[in-house]
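# Summary of structural features
Each chain, letter by letter, is given below.
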Amino acid sequence: MNIVSKIIAIVCLFVANEAFSQKKWTLEECVAYAIDNNVSIGQTELDNKLAEIDKKDAFGSFLPNVNANASHSWNRGLNTNITTGILENQTTQFTSMGASLGIDLFKGMQNQNRFRKAKLALISSQYQHLKMEEDVALNVVNAYLQVLFNKEAVKVQTQQFETDSLQLVRSEVLVDAGMIPRGDLFDIKATIATDKQRIIEAQYALLISKMSLAQLLQMKEFKDFDIADVAYEFQVNNILLEGPESIFGKAKNERTELKIAENNVKIAEKEIEIAKGAYLPTLSGFYGFSSRVSYAKIPDGQGGLKNPPPFFEQFNLYKGHNFGLQLSIPIFNGFSTRNNVSRSKVNLDKSKLNLQQTELDLERNIYTAYSDAKGALETYMATKEMLKAREEAFRYTKERYENGMATGFDYNQSQTLLVNIQSDLLRTKYDYLFRTKILEFYFGIPIIKREVLEGQESD
């Protein structure tokens, strides 16, 4: 089976599947589905959960540590009777229990700064999640427009095939009338064969673009996948009335990558405050409670032994309390604290440089996107003018051909140029649509609905 036969088989299979297809996906549905099912977005959602847990950990440092303990032991042999204080050769049992509580009263503001850092880290994680959604949405828009372009390309090639088929009928009439040589029929038939080949190629390109979009959506079943037939009419987008400087000024307050970089600077600043907190003394409070119970017999005061007091009576009799404050003053720790502060300062400088680079990249991308969109508009308008000229040229050539004043080769050549211009016009239209969508994206017109981020305050 040659390559053409394989392509025809694939296209026939695609057409058969398409006949059973029920759902036609809109752009909004594709974007929503991709966001809900994309693996990378799912990973950022898990990162958000981890950041939430880290925030809870940081909040937990403000709370006291409470522990309880209990033990029961058997002692056999010569042991001190804990009740009488006399060494005795015996087997005894003891139960002891207690509880302890400790809390940081002052730790160089490290706990407060760790909590603020955790909140900032959570915001960064949420921005990373939003950035991933935006990237996926842009890719879906591009793939969706590619499918629309290929659909229109199939229509153009099909219409051309129908036109040439009618022309073949007219040419046969002209041959019978002796107005054109019979050899021109072979040129028309060759053109029709070429039209069929182009239809197959266009349908195959459409199939590949649909599969690419379905895979981008990460669908498990995409054999019947198809999109809604939406006609995007060309119109000049008002976004081009905004200069690149205006778009950049708006983007500096809107773009997610800038917010991530700015938030990373704040996190680095908190790291310095946390590191500096190790220079300061720490003060903690503690409290402990303990008691014990013995099961050994005790002297009765008359030279004999009697059973020990009841369990709860001993528990109350031997209970004890331990509480106080502990102050720790750092004096020397092998330059560890100083190095941590220096390291944090270096990370802050790196974060600031990254913020500057992100701004520069954003500015360059916006100027490039603006130039691309403007260039796409100019290319489309120029191609539209060329199409008008080619249509007139083809109409003139067609009239000459039908009057026997032009050859079949001239007719086919003029028609090929017309079809090429029609394809170029479609390509430039969808290229312009995507370029302007990117500009709108930078200007703050979201592809997806933004959600209010939780905990945006830094304190």
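Look a little higher up for the structure.
Treat the numbers as computed from the prediction; the structure is a model and nothing was measured.

## A look at the environment of leucine 130
Along the chain, the position of leucine 130 falls in helix H4 (residues 110–176). With 86 residues separating them in the primary sequence, leucine 130 and threonine 44 have C-alpha atoms 8.9 Å apart.

## A word on the packing of aromatic side chains
Across all of its chains, the model carries 12 aromatic pairs by this definition. A ring pair is formed by phenylalanine 59 and phenylalanine 62, whose centres lie 6.3 Å apart and whose planes are at 55 degrees; its orientation type is tilted. For phenylalanine 59, a relative accessible area of 43% gives the class partly exposed. Joined through ring pairs, the aromatic side chains of Trp25, Tyr33 and Phe225 make up one cluster. Cation over ring: lysine 23 sits above tryptophan 25, and NZ or CZ is 4.9 Å from the ring centre. Geometry around tyrosine 318 places arginine 292 over its ring, the cationic atom sitting 4.0 Å from the centre.

## Regarding the side chain of serine 291
With respect to the secondary-structure elements, serine 291 resides in strand S3 (residues 282–294). With relative accessibility at 5%, the residue serine 291 sits in the buried group. Polar side-chain contacts of serine 291 include one of 2.6 Å to the backbone oxygen of phenylalanine 315. Look past the residues within four positions of serine 291 in its chain and what remains in contact with it is Thr95, Ser96, Met97, Gln314, Phe315, Tyr318 and Lys319.

Definitions and cut-offs
Residues numbered from 1 in each chain as written. Predicted model: local features only at pLDDT ≥ 70, side-chain atom pairs only at ≥ 80, totals over all residues. Heavy atoms only, no water. Helix = DSSP H or I, 4+ residues; strand = E, 2+ residues; numbered from the N terminus. Phe/Tyr/Trp six-rings, centres within 6.5 Å; stacked < 30°, edge-to-face > 60°. Buried < 20%, exposed > 50% of the residue type's maximum accessible area, 1.4 Å probe, protein only. Lys NZ or Arg CZ within 6 Å of the ring centre and 35° of its normal. Polar contact = N/O pair within 3.5 Å; in protein donor to acceptor, adjacent residues only side chain to side chain. Contact = heavy atoms within 4.5 Å.

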